[in-house]
Amino acid sequence: MSISVVFPGQASQYPNMGLSILNEMPELNEYYIRASEILDKDIKKVIFGDKDKFMENQLDIQPAVFLTSYVAYEYIKRKYDIKSCCFAGHSLGEITSLVASGMLSFDDGMKLVKYRSRSMVEASSNVMGGMTSITQFSPELVTKFCEDFEGVWVSCYNSNHQTVIGGKIECLTKAEEKLLSMGAKVKRLSTIGAFHTPLMLEAANQLYEYIQKMDIHEPNAMVISNVTARPYSRLIDVKKLLRMQMILPVQWEKTISYIEDMYITRLIECGPRSTLSNLLKDRSNKLIPYSTDKSQLDFLRDTQDKQFYVKDLVKECECAVSCCKNKAEDYNVITCKEYYEKLINMKLKSNLIYHDEDVIEAFNYIEKILCCKGYNSDEISQIERTIEKKLGFVVDL
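Remember, predicted model here, so these are calculated numbers, not experimental data.

A. Main features of the sheet that holds strand β6 (residues 185-188). As summarised here, the arrangement of the four strands in space is β4-β5-β3-β6, forming an open sheet in which the pairing is antiparallel. Where the open sheet ends on each side, the last strands, each with one partner, are β4 (152-159) and β6. When the angles between neighbouring strand axes are averaged without regard to direction, this sheet yields 25°. Where strand β3 (residues 129-135) lies against strand β5 (residues 162-168), seven bridges are found, and the strand directions are antiparallel.

What follows is the structure, encoded as structure tokens:
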């Protein structure tokens, strides 16, 4: 199955997050024990203790979210034996994705998050900053606005409908007033600082120095960087890009687009709430989101014992493109026939069980053929989803 696993950042926390997973799989308590030793405090009391005192200490937020998210990943990995094609995480979640991929050990990941949290809190105490969510205003307009407005920067490109800006409190307040007058909808976020802006430069430099002593390993699947919205291509880039991530905007919209372009069809959000899944609501149906926080993973159980063969994949793809009438005025018969023959030639390995690379190859041929026939990307995406449902490895929500 083509699955991407993603992890949220801070602001997704809530009391007792992850408790149901821990109750179902008590052996995951080992991570709470290891985390408590590294943090020098009982992290379970922080997460599962007095609700009225939940996250009173700002230093607890990032470690708690990181721990809850990683444990959720371990839960689905052990229960469903899933194998992710790629990992990505929003802000703090990028470190969780590095641990899930094996590039960082769990202990090093927790140590890094602990240090990152402290350096960001210290930087925020030196300069009073904040963050604001902007909707009903395009990312391009927000970018141009920040370029012309002193002391405010784009912090996160979350989707085509939501952009987050950050800056010094006095500058941010003026920016909000101006944006409101221009027709935007603004919402001040409950953060203590202007994260992912130049105001975090001191914290970023401290983190870069701290991470130098950590070992970076080859990943078991690709990890997408918040800065480039592309997979890490070299191990030596990890430390540099984690530093840059603290002062540059999170490119989440481009990250999701990249995942879609790889023909990955399911996205599992591991961690508290469903913030990242909700950002997909206004997109096309190329990528179907699921959340460990909402117990939406029955489709994994349903597909565990099924075996799919290349011949079945090719048969459904062949049927789909054959049934699609030509709508193009400048129909290129030669090009269309070329890709159709490549699709049919996949039958040479028809008795083999197909894997993600076979789906990517077949869907690439479908896209080329249907483009020749005059179909747009949304129409092609819908046809691909229909094929997946017929083969039984997608369950719609």
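B. Looking closely at the pattern of salt bridges. Applying the stated criterion across every chain, the model contains 15 salt bridges. Salt-bridge contacts for arginine 34 lead to aspartate 107; the nearest nitrogen and oxygen are separated by 3.2 Å. Of this pair, arginine 34 sits in helix α2 (residues 29-39) while aspartate 107 is found in helix α6 (residues 106-126), placing the two residues 73 residues apart along the sequence. Residue arginine 34 is classed as partly exposed on the basis of its relative accessible area, which comes to 28%. Between aspartate 148 and lysine 144 there is a salt bridge; the shortest N-O distance is 2.5 Å. Of the two residues, aspartate 148 and lysine 144 both sit in helix α7 (residues 139-148), four residues apart, roughly one turn of that helix. Residue class for aspartate 148 comes out exposed when judged on its relative accessible area of 56%.

C. Summary view of the sheet that holds strand β1 (residues 3-7). In space, the five strands of this open sheet follow the order β7-β2-β1-β8-β9, with parallel pairing throughout. Single-partner strands in this sheet number two, and they are β7 (222-223) and β9 (288-291). Pairing analysis gives four bridges linking β1 to strand β2 (residues 86-89), with the strands arranged parallel. Paired with valine 6 across the strands is alanine 88, a residue of β2.

D. Spotlight on the nonpolar core. One finds Ile43, Leu67, Tyr73, Phe106, Leu112 and Leu242 to be the most contacted residues of the largest nonpolar core, which totals 86 residues. Take this core: its biggest share by element is twelve residues, from helix α4 (residues 61-80). Beyond its immediate chain neighbours, meaning those up to four positions away, leucine 242 contacts Glu94, Ile95, Leu98, Leu112, Leu207, Ile211 and Tyr232.

E. Quick peek at the pairing of β1. The element β1 is largely enclosed, with a buried count of five among its five residues. On β1, burial covers both faces: Ile3, Val5 and Phe7 on one face and Ser4 and Val6 on the other are all buried. Bridge count between β1 and strand β8 (residues 266-269): four bridges; the pairing is parallel. Within β8, the residue paired with serine 4 across the bridge is leucine 267.

F. Expanded view of the environment of glutamate 27. By secondary structure assignment, the location of glutamate 27 is in the loop between α1 (19-24) and α2. For the pair glutamate 27 and tyrosine 75, spaced 48 residues apart in sequence, the C-alpha to C-alpha distance is 9.8 Å.

G. Here's a closer look at the environment of threonine 255. As for its position among the elements, threonine 255 is in helix α11 (residues 252-261). It is 21 Å that separates the C-alpha atoms of threonine 255 and glutamate 361, two residues lying 106 residues apart in sequence. In contact with threonine 255, not counting residues within four places along its chain, are Ala88, Ile224, Ser225 and Ala229.

H. Fine view of the state of the cysteines. Inspection of the entire model under this criterion finds zero disulfides. Just so you know, cysteine 86 is unpaired, no disulfide at all, and the nearest cysteine sulfur is the one on cysteine 85, 6.7 Å from it.

I. Here's a closer look at the environment of isoleucine 268. Within the secondary structure, isoleucine 268 sits in strand β8. Measuring from C-alpha to C-alpha, the distance between isoleucine 268 and leucine 104 comes to 21 Å, with 164 residues separating the pair along the chain.

J. Structural view of the packing of α4 against helix α5 (residues 92-100). Contact geometry of α4 with α5 gives a least axis separation of 10 Å together with a crossing angle of 40°. Here α4 is positioned oblique relative to α5, judged by the angle of their axes. As for how α4 packs across α5, the hand of that crossing is right-handed. Residue-level inspection shows Gln62, Val65, Phe66, Ser69, Tyr70 and Tyr73 of α4 in contact with α5, the latter providing Leu92, Ile95, Thr96, Val99 and Ala100.

Calculation rules
Residues numbered from 1 in each chain as written. Predicted model: local features only at pLDDT ≥ 70, side-chain atom pairs only at ≥ 80, totals over all residues. Heavy atoms only, no water. Pairing = 2+ DSSP bridges. Helix = DSSP H or I, 4+ residues; strand = E, 2+ residues; numbered from the N terminus. Axes fitted to C-alpha atoms, helices over the stretch in contact; angles between N-to-C directions. Salt bridge = Lys/Arg side-chain N within 4 Å of Asp/Glu carboxyl O. Buried < 20%, exposed > 50% of the residue type's maximum accessible area, 1.4 Å probe, protein only. Core = buried A, V, L, I, M, F, W, Y, C linked by side-chain atoms within 4.5 Å. Contact = heavy atoms within 4.5 Å. Disulfide = S-S within 2.5 Å. Parallel < 35°, antiparallel > 145°, perpendicular 65-115°, else oblique. Left-handed = near helix turned anticlockwise from the far one by under 90°.

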